[in-house]
Amino acid sequence: MPEISKCLQRLQEARKTPVVLRLRTKFLLSIVLIIAWLTFATLLIVGRTAQKEVERGMEKDTRNSMLTFQNLKAERQLEENRQAELLATLPTVKSLLSQEDDTPEAQEAAESLWLSGGYELVVVADWKGKVIALHSNVPGFSEGDAEQMFSHSQKMSGAGGWWYGDGRLYQVASRPVQLGPASANMRLGTVVVGREIDSSVAHDVGQIAFCRVALRYGDELVVSSLPAMDERTVADALLHSPGANKIQIGKEWYLANTVDLTPGSSPAVTLTVLKSYDDATTFITRLNQTLIALGLFAVCAGGGLVFLISYTFTKPLATLVNGVRALEQGDFEYPVDIGGGDEVAEVTAAFDRLRSTLQRNEEQSKRLGEQLRQAQKMEAVGRLAGGVAHDFNNLLTVIKGHSDLLEEKITLATPMFHSITQVKKATDRATSLTRQLLAFSRMQVLQPKILDLNSLIAETCKMLPVLIGEDIDFKFYAARSLGLVKADPSQIEQILMNLAVNARDAMEKRGGEFTIRTRNIILDEQYSKTHPPTVPGHYVLLEVEDTGKGMDAQTKARIFEPFFTTKELGKGTGLGLSTVYGVVKQSGGYIWVESEVGKGTKFQIFLPQSGESVPTAVSESGSASSASGFGTILLAEDEEAVRELASEFLKASGYTVLVAKDGLDALEVAEQRRGSVHVLVTDVVMPRMRGTELARKLKRCHPELKIVYMSGYLEHDSQDNDYVPDSEFLQKPFTRETLLRKIREAIESKSSASESVVVR
């Protein structure tokens, strides 16, 4: 049962699904229908024209038949007129008319005359119209009939006429019999001579004109060339429809044409000519059959030809449709033949360009998706690294600060001095590693300055040859009139150091070339489209190139990932290039790498040009560590160990220190302080109230208060306007010297001092 239900459901879906005809089928059906319509319309026109011609021919034949009968009638009339003329002059006829009584001798003499002359009908009437002699070769024509016909034909004179009697029709001619010369006008009587119009005459006329004829006297059919069984049908048809031009005899139709032989007389003698449609249309039937065969052949041949033509012309469209379907399935490589230069070829070419564009867009979308996932992964790792670095920096601050205090209290001869030195070295290495993590996560605190990149690289180049080794040829090509950039000089130096170390390791011990180039460059819209997320503009390009072993595509795709390294275990942290990437992005720039196995590697770093000028250098006034401090400092730090260490550093230098464990505590301490507070040293990230908010509130109450921020990293969600302008920033872990120097710089700074060093 489930199978039956499924089958029924499929049938219903099939019924609902509209039948979609392909373009080739539509084109073929349309052309075939047009050919068929034109062919059969032509055949119909030809057939109709032939039919009309046949009908005109039939009408012409009937007219010819009538003319033939008229000619035959005229010939017979002349013959009868001659015979009548001859009889009218014979003495026998005159003597017959001159006798008062018809004697047997006179009748016998007249009968001998009729028989010797071969007359079919002879009537002699006296001047009163009384028949005195009658001869008929066929019995049945009586004197009464003759007198009746004679009375109807008084106006016949020499024109002749028609007599009817005993079912027979005669063509007659009459002549007067004169006594003496014609001028005497002494008429004795009239002689009438007639010849019967029988079936032989009708057959002769019909054979000559290839038709059937029928003669009627009034409504009675007298003679015809039709079979006896058909005469009644024709008589009835002519009786009920005298003017009909078509008569059906059995299963055959005839064209009928009737002419009145005695116009103005009644009853009339009419001649009807019947022309068979079947005989006449036999040619039309054969012609129609031939035309239909030719039409079917034309439709089939035309359909085949149209199929070839449609196949030829619609094949590119079919290929295009297949290409579209393949594109729907994600196949961008389906072969599409563009062909010639017609409209279909233009559409195909446009589709090919569209497909290429879609393929590029899809590839770009995948690439952007991969970049987005990579960025999200790196951001997640960066946030983790930032959180770790925050707590780790506080620990390093305590370790480093107390190591410095211990180092001051013991001498070189003390056995513990070496241990303290090792602790300090480990602390410095941990600090460097922490800064690399922050640089990778773009959370380290930068101190950007307007730089001439050529001057900075020239100073760094003094130590690069020692770093990379003497077997590597180092070259630096500085561009003239190089634009200025805004960046942290120490971080730019870190970039160069990391890239130099990677280049040295890539060239191993076989030597090679290490080259640095700088130049101004303008990135346009086209470059930005092919290298997202690059923004068009003016940049300074820093190129670092080596002739090392290069990288394959898989390695190149992962070089900026944290903790990814191709070096042996224990020889690399995997944070070098991650640090480079983080510094470049945090400085607002872009970095691209080009590398092939065996052909070396080239890094391209684009830093946006700055329109500012290089500030004038200010000389430092003495050492901060040796100077004694004065004034009151409010110290806000949530980490107790760091707070105690910083407080000890400041008190040892002569400052009055007010200690608070968070922002709210610092506000209470400041309110309870009767004297002035000169400097606020606050951690940025603290519970209950952040250091930035604390600084803004205290600054509103104490406009002369100087601010020094402490933090181990720059938060992702921090903004430049969170910080009080003209403040100083102390990065953790810090030493006593850096803490005292920052406080000295804050106290000595004016409200119009240089911009805040806190940037994103």
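The structure this text deals with has already been given above.
Quick caveat, the model's predicted, so the values are computed rather than measured.

Student: It is not clear to me how the overall build of the protein chain should be interpreted in this structure. Could you clarify?
Tutor: Counting its regular elements, the protein chain contains 20 helices and 22 strands. Going through the 760 residues of the protein chain one by one, you find that 43% of them count as buried. Sequence-distant contacts, at least 24 apart, represent 66% of the contacts inside the protein chain between residues at least 6 apart. Surface exposure of the protein chain reaches about 41900 Å², of which carbon and sulfur atoms provide 55%.

Student: I tried to follow the nonpolar core on my own but got confused; where do I start?
Tutor: Grouped burial of nonpolar side chains is what soluble globular proteins tend to show. Leu453, Phe514 and Ile516 are the most contacted members of the largest nonpolar core, which has 39 residues in total. Residue contacts for Phe514: discarding those within four places in its chain leaves Ile468, Ile472, Asp473, Phe474, Lys475, Leu499, Ala500, Ala503, Met507, Val544, Glu545 and Asp546. Core analysis: the second largest hydrophobic core is formed by 31 residues, Met66, Trp162, Tyr164 and Val205 among them.

Student: Would you mind showing me how to read the packing of helix 11 (residues 453-460) against helix 13 (residues 489-507) here?
Tutor: Helix-helix packing: each pair is described by the crossing angle between the helix axes and the interaxial distance. Axis separation between helix 11 and helix 13 bottoms out at 10 Å; the angle between their running directions is 55 degrees. When the interaxial angle is binned, helix 11 and helix 13 end up oblique. Crossing of helix 11 against helix 13: the hand is right-handed. Side by side, helix 11 and helix 13 meet where Leu453, Leu456, Ile457 and Thr460 of the first sit next to Pro489, Ile492, Glu493, Leu496 and Met497 of the second.

Student: Would you mind going over unusual backbone geometry with me for this structure?
Tutor: Comment: phi is negative for the bulk of residues other than glycine, and the bulk of peptide bonds are trans. Cis geometry is adopted by the peptide bond preceding Pro533, which originates at Pro532 and carries an omega value of 5 degrees. Structurally, the position occupied by Pro533 is in the loop between helix 14 (525-530) and strand 15 (537-546). Phi angles above zero are rare outside glycine, and Ser481 is one such case at about 50 degrees. Positionally, Ser481 belongs in the loop between strand 12 (472-477) and strand 13 (484-487). The class of Ser481 is exposed, set by a relative accessible area of 68%.

Student: Whenever I open this one, the side chain of Arg216 confuses me. Can you help?
Tutor: Topologically, Arg216 is positioned in strand 6 (residues 212-217). Leave out the neighbours within four places in its chain, and Arg216 touches Leu221, Val222, Leu238, Leu239, Thr258, Ala268, Val269 and Thr270.

Student: Where do I start with a nonpolar patch on the surface in this structure?
Tutor: The grouping of Phe392, Leu395, Ile399 and Val423 at the surface amounts to a nonpolar patch, some 320 Å² of accessible area in total. Ranked by residues supplied to the nonpolar patch, first place goes to helix 9 (residues 343-409) with 3 residues. Take Leu395: it is sitting in helix 9.

Student: Please explain the sheet that holds strand 8 (residues 246-249) as it appears in this structure.
Tutor: Strand pairing in a sheet is mediated by backbone hydrogen bonds. Such pairs are either parallel or antiparallel. Read across the open sheet, the 5 strands follow the order 7-6-10-9-8; overall the sheet is antiparallel. Edge positions in the sheet fall to strand 7 (220-224) and strand 8, since each of these pairs with one other strand and no more. Geometrically, the sheet is characterised by an average inter-axis angle of 35 degrees between neighbouring strands, direction not taken into account. Packed on one face of the sheet, helix 7 (residues 228-240) meets strand 6, strand 7, strand 8, strand 9 (252-260) and strand 10 (269-276) and runs near 150 degrees to strand 8.

Student: Please explain a negative patch on the surface as it appears in this structure.
Tutor: A contiguous patch of negative charge, built from Asp391, Asp638, Glu639, Glu640, Glu644 and Glu648, is present on the exposed surface. Of the residues forming the negative patch, the biggest block, 3 residues, is contributed by helix 17 (residues 640-652). With respect to the helices, strands and loops of the structure, Glu639 is situated in the loop between strand 18 (632-636) and helix 17. For Glu639, a relative accessible area of 32% gives the class partly exposed.

Student: Whenever I open this one, helix 17 confuses me. Can you help?
Tutor: In an α-helix, one turn spans 3.6 residues; hence positions three or four apart end up facing the same way. With 13 residues, helix 17 should reach 18 Å at 1.5 Å per residue; the first-to-last C-alpha distance of 18 Å fits that figure. Along helix 17, the positions that sit buried rather than exposed are Val642, Arg643, Leu645, Ala646, Ser647, Phe649 and Leu650. Phi turns positive, to about 105 degrees, at Gly654, one or two residues after helix 17.

Student: Help me understand the pairing of strand 15 in this model?
Tutor: Every other side chain in a regular strand lies on the same face of the sheet, so the side chains alternate between the two faces. With 8 of its 10 residues buried, strand 15 lies for the most part within the structure. Pairing of strand 14 (residues 512-523) with strand 15 involves 10 bridges; the strand directions are antiparallel. Note that in strand 15 the partner of Thr515 across the bridge is Glu545. By the bridge criterion, 8 bridges tie strand 15 to strand 17 (residues 601-610) in an arrangement that is antiparallel. Bridging from a neighbouring strand, Leu542 pairs with Ile605 of strand 17.

Student: Help me out: how do you make sense of the sheet that holds strand 5 (residues 187-196) in this one?
Tutor: With antiparallel pairing, the 5 strands of this open sheet are ordered in space as 2-1-5-4-3. Either end of the sheet is taken by a strand with one partner, and the two such strands are strand 2 (131-136) and strand 3 (161-165). Taking each pair of neighbouring strands and ignoring which way they run, the sheet shows an average axis angle of 25 degrees. Of the strand pairs in this sheet, strand 1 (residues 121-126) and strand 5 are connected by 6 bridges, and their pairing is antiparallel. Residue pairing in the sheet places Val124 in a bridge with Val191 of strand 5. Helix-sheet contacts for helix 5 (residues 143-152) involve strand 1, strand 2, strand 3 and strand 5, and the interaxial angle to strand 3 is about 150 degrees.

Student: How should I be thinking about the environment of Ser613 in this particular structure?
Tutor: Mapped onto the elements, Ser613 comes out in the loop between strand 17 and strand 18. Once the C-alpha coordinates of Ser613 and Leu451 are considered, the two residues, 162 residues apart in sequence, prove to be 8.7 Å apart. With residues up to four places along the chain from it excluded, the contact list for Ser613 reads Ile450 and Leu484.

Student: Looking at this structure, how should I read the packing of helix 18 (residues 663-672) against helix 19 (residues 691-701)?
Tutor: Running from N to C, helix 18 and helix 19 point in directions that differ by 20 degrees, and their axes come no closer than 9 Å. The pairing of helix 18 with helix 19 is recorded here as roughly parallel in orientation. In this structure, helix 18 meets helix 19 at a crossing whose hand is right-handed. Counted together, Gly663, Ala666, Leu667 and Ala670 of helix 18 and Leu694, Lys697 and Leu698 of helix 19 form the full contact between these two elements. Per-class residue counts for the contact of helix 18 with helix 19 are 5 nonpolar, 1 polar and 1 charged.

Student: Whenever I open this one, the packing of aromatic side chains confuses me. Can you help?
Tutor: To describe a pair of aromatic rings, one takes the distance between the centres and the angle between the planes. Applying the stated rule across the entire model yields 9 aromatic pairs. Seen from their ring centres, Phe141 and Trp163 are 6.4 Å apart, and the 10 degrees between their planes marks the pair as stacked. Taken together, the residues Phe141 in the loop between strand 2 and helix 5 and Trp163 in strand 3 connect sequence positions 22 residues apart. Taken individually, Phe141 and Trp163 each receive the classification buried, so the pair is uniform in this respect. A connected cluster of aromatic rings, assembled from ring pairs, spans Tyr527, Tyr539, Tyr590 and Phe606.

Student: How do you make sense of the pattern of salt bridges when you look at a structure like this?
Tutor: Enumeration over the complete set of coordinates arrives at 18 salt bridges. One salt bridge in this structure joins Lys475 and Asp473, with 3.9 Å as the shortest N-O distance. The class of Lys475 is partly exposed, set by a relative accessible area of 32%. A salt bridge links Lys602 to Glu594; the shortest N-O distance between them is 3.9 Å. Residues participating in the shared-partner salt-bridge network are Arg517, Arg519, Glu543 and Glu545.

Conventions and cut-offs
- Residues numbered from 1 in each chain as written.
- Predicted model: local features only at pLDDT ≥ 70, side-chain atom pairs only at ≥ 80, totals over all residues.
- Heavy atoms only, no water.
- Helix = DSSP H or I, 4+ residues; strand = E, 2+ residues; numbered from the N terminus.
- Buried < 20%, exposed > 50% of the residue type's maximum accessible area, 1.4 Å probe, protein only.
- Contact = heavy atoms within 4.5 Å.
- Areas by Shrake-Rupley, 256 points an atom, 1.4 Å probe, with all protein chains shown as cover.
- Core = buried A, V, L, I, M, F, W, Y, C linked by side-chain atoms within 4.5 Å.
- Axes fitted to C-alpha atoms, helices over the stretch in contact; angles between N-to-C directions.
- Parallel < 35°, antiparallel > 145°, perpendicular 65-115°, else oblique.
- Left-handed = near helix turned anticlockwise from the far one by under 90°.
- Patch = residues over 30% accessible without salt bridge, like charges linked within 9 Å, V, L, I, M, F, W, Y side chains within 5 Å.
- Salt bridge = Lys/Arg side-chain N within 4 Å of Asp/Glu carboxyl O.
- Pairing = 2+ DSSP bridges.
- Lys, Arg positive; Asp, Glu negative; His and termini not counted.
- Charge placed at Lys NZ, Arg CZ, Asp CG, Glu CD.
- Expected span 1.5 Å × (residues − 1).
- Nonpolar A, V, L, I, M, F, W, Y, C, P; charged D, E, K, R; others polar.
- Phe/Tyr/Trp six-rings, centres within 6.5 Å; stacked < 30°, edge-to-face > 60°.

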